[in-house]
Amino acid sequence: MHCGMCLPTCPTYDATKRERNSPRGRISLMRAIADGTLDVTAEFADEMSYCLGCLACQTACPAGVNYSMLFETARGDIERQHAHRGAARAFWRWLTLDVLFSKPRTLRMTGRLMGFYQRSGVEAFVRRAGLTRLLPGTLRRLEPQAPRMARAFSNQLIARREVPRGETRYRVAVLTGCIQDLVFPDINRDTVDVLLANGCAVDTPATQPCCGSIHAHNGLLERAGDQARRLIDLVPPDTYDAIITNAGGCGSHLRHYSDLLGDDPQYRDAARTWDAKLRDVHEWLVEIGSRAPGAAPFDRAISLTYHDSCHLVHGQKVSAQPRALLRQLPGVTVVELTESTWCCGSAGVYALTQPDQAGALLRRKVGHIDATGAQFVATANPGCHLQIARGLGDAGLRIDVAHPISLLASAYRREGDGQARR
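Cut-offs and rules
- Residues numbered from 1 in each chain as written.
- Predicted model: local features only at pLDDT ≥ 70, side-chain atom pairs only at ≥ 80, totals over all residues.
- Heavy atoms only, no water.
- Core = buried A, V, L, I, M, F, W, Y, C linked by side-chain atoms within 4.5 Å.
- Buried < 20%, exposed > 50% of the residue type's maximum accessible area, 1.4 Å probe, protein only.
- Helix = DSSP H or I, 4+ residues; strand = E, 2+ residues; numbered from the N terminus.
- Contact = heavy atoms within 4.5 Å.
- Axes fitted to C-alpha atoms, helices over the stretch in contact; angles between N-to-C directions.
- Parallel < 35°, antiparallel > 145°, perpendicular 65-115°, else oblique.
- Nonpolar A, V, L, I, M, F, W, Y, C, P; charged D, E, K, R; others polar.
- Salt bridge = Lys/Arg side-chain N within 4 Å of Asp/Glu carboxyl O.
- Polar contact = N/O pair within 3.5 Å; in protein donor to acceptor, adjacent residues only side chain to side chain.

(A) Main features of the nonpolar core. Ranked by internal contacts, the top residues of the largest apolar core, which has 36 residues, are Leu195 and Leu304. The biggest single contributor to this core is helix H24 (residues 404-414), with six residues. Contact partners of leucine 304, with chain neighbours within four places excluded, come to Leu326, Val332, Thr333, Val334, Val335, Ala374, Phe376, Ala378 and Leu407. Core analysis: the next-biggest nonpolar cluster, separate from the first, contains 18 residues, Leu7, Ile33, Tyr67 and Phe71 among them.

(B) The packing of helix H12 (residues 185-197) against helix H18 (residues 281-288), seen in detail. It is at 11 Å that the axes of H12 and H18 come closest, and there the two elements cross at 10 degrees. The orientation of H12 with respect to H18, classified from their angle, is roughly parallel. Where H12 abuts H18, its residues Thr191, Val194 and Leu195 lie against Val281, Trp284 and Leu285. Split by residue class, the contact of H12 with H18 holds five nonpolar, one polar and no charged.

(C) Here's a closer look at the pattern of salt bridges. Scanning the model with the defined rule gives 32 salt bridges in all. Close ionic contact of glutamate 47 with arginine 20 constitutes a salt bridge, the shortest N to O distance being 3.2 Å. On the criterion of sequence distance, the pair formed by glutamate 47 in helix H3 (residues 42-50) and arginine 20 in the loop between helix H1 (11-16) and helix H2 (23-34) is long-range, its members being 27 residues apart. A residue is classified by how much of its surface remains accessible, and glutamate 47, at 4% relative accessible area, is buried. In this structure arginine 20 comes out as partly exposed when scored by relative accessible area, which is 27%. Between arginine 26 and glutamate 47 there is a salt bridge whose closest N-O contact spans 2.8 Å. A residue pair is termed long-range when its members are at least 10 positions apart, and arginine 26 in helix H2 and glutamate 47 in helix H3 qualify at 21 residues.

(D) Inspection of the environment of aspartate 193 at higher detail. Tracing the backbone through its elements, the reader meets aspartate 193 in helix H12. Taking C-alpha positions, aspartate 193 is 45 Å from glycine 4, a pair spaced 189 residues apart along the chain. A polar side-chain atom of aspartate 193 sits 2.8 Å from a polar atom in the side chain of arginine 413.

The quantities given are spatial measurements derived from coordinates; they are silent on function.
See below:
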C-alpha cells in the first residue's frame, strides 16, 4: 500500500514530516529487510523504537494492513540480530522481561518493597538529601515518574469467586493485569462490583501471570506465547461466558492469542476459544445490556471528558461503549475531547525511552483536556492514567483522572446495590 492515508494519523510523522517516521516509511524499511536489500541495523532499530505502536495507522488504513503484526515481527528481528547492544540495556531487559514480568509473585514482592520505600519516609529523605544525584542519568530522570504503589493489591481486595445478590446471568473471569494490580487494584475491585451489579458471577484468580503484551511489544514473541499458555491454563476459556479485561493495552494483545499459538497443536483450539471469549469490560457491559444506575457517582453535578486509550480504540475497536456507559451516569455531563484518539505519549515504556516526543504529546493532550473545562477525564488504560495525571499535575490543573468503570461502580454503591456476597 502506498496511498499515505495513514500519514495524518501518525504522531511521529506529524512531529517530523519525515517519510521514514511514518507507517508507510517504516513498512518500506521492513519490506527492504524482507527482500534482503537492507540489513537489520541499529538505525533501523532506532526507527522502530521511535514508533509509538499506537496503531492509529491501522484504523486509517483502507486495506486493513496489520501494522501491529508487522511492528512486533520487526522488533523480534531486531532482537534476534542484536541490533541494539549494550550491557545496561541487556540488564534492564533481563530484569523486567525475564524476571519481574515473568514471575508474578516476584513482581508483587517488588511492588510491596517499593510501596514501603515510598510510604516509610525513606523516599522523602533520599530526595531531600539529594541522594538521587548518585543515580545514573537515566534512572535519575525516571525516579520522579515512579508510580505510587497501592497499599493492598487485587488479591487482597477481591475474593477468588464472588456472586451477585440476585440472579446469576453469566459467569466471567476477570484479569487483573500487572501495573493495574500494583497501582490501581481499586479499579479491579470496581470492575468486579460492576459485573456483580449486572448479574455476573466473577472468578478472579489470585496470582495471575503477565498476559505477554510487554514481551511481544519488545520482540520476544516466543516468551509472549509462553505467557499466553500460562494464562490459558489458569483461566480455561471453555469455563466462562466471557473473559474480562479492563486495561486497553493488555486487552489489545489478549485478543490475539490464536495468532501467537496458531502453530501449537496443544493450545491452538483453546487460543481460538480464548479470543472469542475475550471482552473489554465496557464492551461486555453494553453487550449484555447493563442497567443504568439510579444514583449519581458524586454529591454534585460534574462534567467529564474521555480520552481513548490507543490500544482500546485502535487495537480493540472499542470507543462508543465507554462513552455510552458514561452517559448513563446521573449528574454527569460528557464533553467530547478534541483529538481524543491521539496518543498521550505513554505507549507502554515510550515515555521512558523517548521522553522528548512523549512530553510533547502529553502537553498537547493536556491542552485539549484543559480546553474542555471538564473536572474529570476518564480513560481506560493504566499507562494513559498515569501519564495524563502526571501531565495535569505538572500543568497545575486540578482535573481528576478516573476509569469509567470506577465512576459506574461509585454510582451503583451510592444506590446501595452492586455489593458482593463473598
